[in-house]
Amino acid sequence: CILKAWRFLTAGRAKEAGNCLTDTGRLMVSLKMEAQAFDRITGRSLVIQAFIESFEGNLKGTIEHAAAALVKLSPTDKVWRAIASIALGDSVGMSGNMDKALEKRFEALDDCEKAGNLYLILLSSVKLAVTLRLRGNLSQVRELCLKYVSLAEGRHLSGLPIVGWLKSILAEVLAETG
């Protein structure tokens, strides 16, 4: 049910995703699962719910669900934790708390690196670079962009659009700093 909910969500069908999560909750109660499995499924359900809240423009709900997911998810559930961290960083940033957003962006990048998912790493690095740039930390932006552009080039993925975003942020910073 969790994967079905995720597929619905990524297809833009948030209502159907929410229905799957409701069904998942009912099923979990009826199966009387062991605590670890219950927490894993609950954590993943909370990640999906965070994105549903995000699609609906509910920042508070996104923050609450993403933070709750990080509590429930095991440190070994690395990809789901990374996705939850990205959602949390996005929603905190959109809420206007830039100090907290910066903290959450660093945590998200750390979680993405632990997951080892290159696309999530690049996505998180772009989001961190934008936040750092907004805060005027241009030298950190330059170092971050160089590091992750180099990582992508080393894996022959420099043609990805997300790498282009990093390159454009780097170019802006280089133009500003000389």
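Residues numbered from 1 in each chain as written. Predicted model: local features only at pLDDT ≥ 70, side-chain atom pairs only at ≥ 80, totals over all residues. Heavy atoms only, no water.

For the protein, the average pLDDT comes to 91, and 95% of its residues sit at 70 or higher. Taken element by element, the protein is modelled with least confidence in helix α2 (residues 14-31), mean pLDDT 73, and with most confidence in helix α8 (residues 138-154), mean pLDDT 97. (pLDDT = per-residue confidence, 0-100. Helix = DSSP H or I, 4+ residues; strand = E, 2+ residues; numbered from the N terminus.)

Another point: helix α1 (residues 2-10). Residues of α1 that are buried include every one of Ile2, Ala5, Phe8 and Leu9, and no others. Mapping the buried residues of α1 onto a view down its axis gives an arc of 120°, with all of them on the same face. Opposite the packed face of α1, turned more than 90 degrees from it, sit the exposed residues Leu3, Arg7 and Thr10. Two residues or fewer after α1 comes glycine 12, characterised by a positive phi angle close to 80°. (Buried < 20%, exposed > 50% of the residue type's maximum accessible area, 1.4 Å probe, protein only. Arc of directions from axis to C-beta.)

Nonpolar side chains in soluble globular proteins generally cluster together in the buried interior. The biggest cluster of nonpolar side chains holds 54 residues, and the ones touching the most others in it are Val47, Ile48 and Leu122. Ranked by residue count, the leading element in this core is helix α7 (residues 118-134), at 9 residues. With residues near it in sequence (within four places) discarded, leucine 122 still touches Tyr148, Ala152, Leu160, Ile162, Val163 and Leu166. (Core = buried A, V, L, I, M, F, W, Y, C linked by side-chain atoms within 4.5 Å. Contact = heavy atoms within 4.5 Å.)

Attention now goes to the packing of helix α3 (residues 35-55) against helix α5 (residues 78-94). A pair of packed helices is captured by two measures, namely the crossing angle of their axes and the spacing between those axes. Their axes nearest at 10 Å, the elements α3 and α5 cross at an angle of 30°. Between α3 and α5, the interaxial angle falls into the category roughly parallel. Remark: the crossing between α3 and α5 carries left-handed chirality. Contacts between α3 and α5 involve Arg44, Val47, Ile48 and Phe51 from the first element and Trp80, Ile83, Ala84 and Ala87 from the second. Along the lines of polarity and charge, the residues of the contact of α3 with α5 split into 7 nonpolar, no polar and 1 charged. (Axes fitted to C-alpha atoms, helices over the stretch in contact; angles between N-to-C directions. Parallel < 35°, antiparallel > 145°, perpendicular 65-115°, else oblique. Left-handed = near helix turned anticlockwise from the far one by under 90°. Nonpolar A, V, L, I, M, F, W, Y, C, P; charged D, E, K, R; others polar.)

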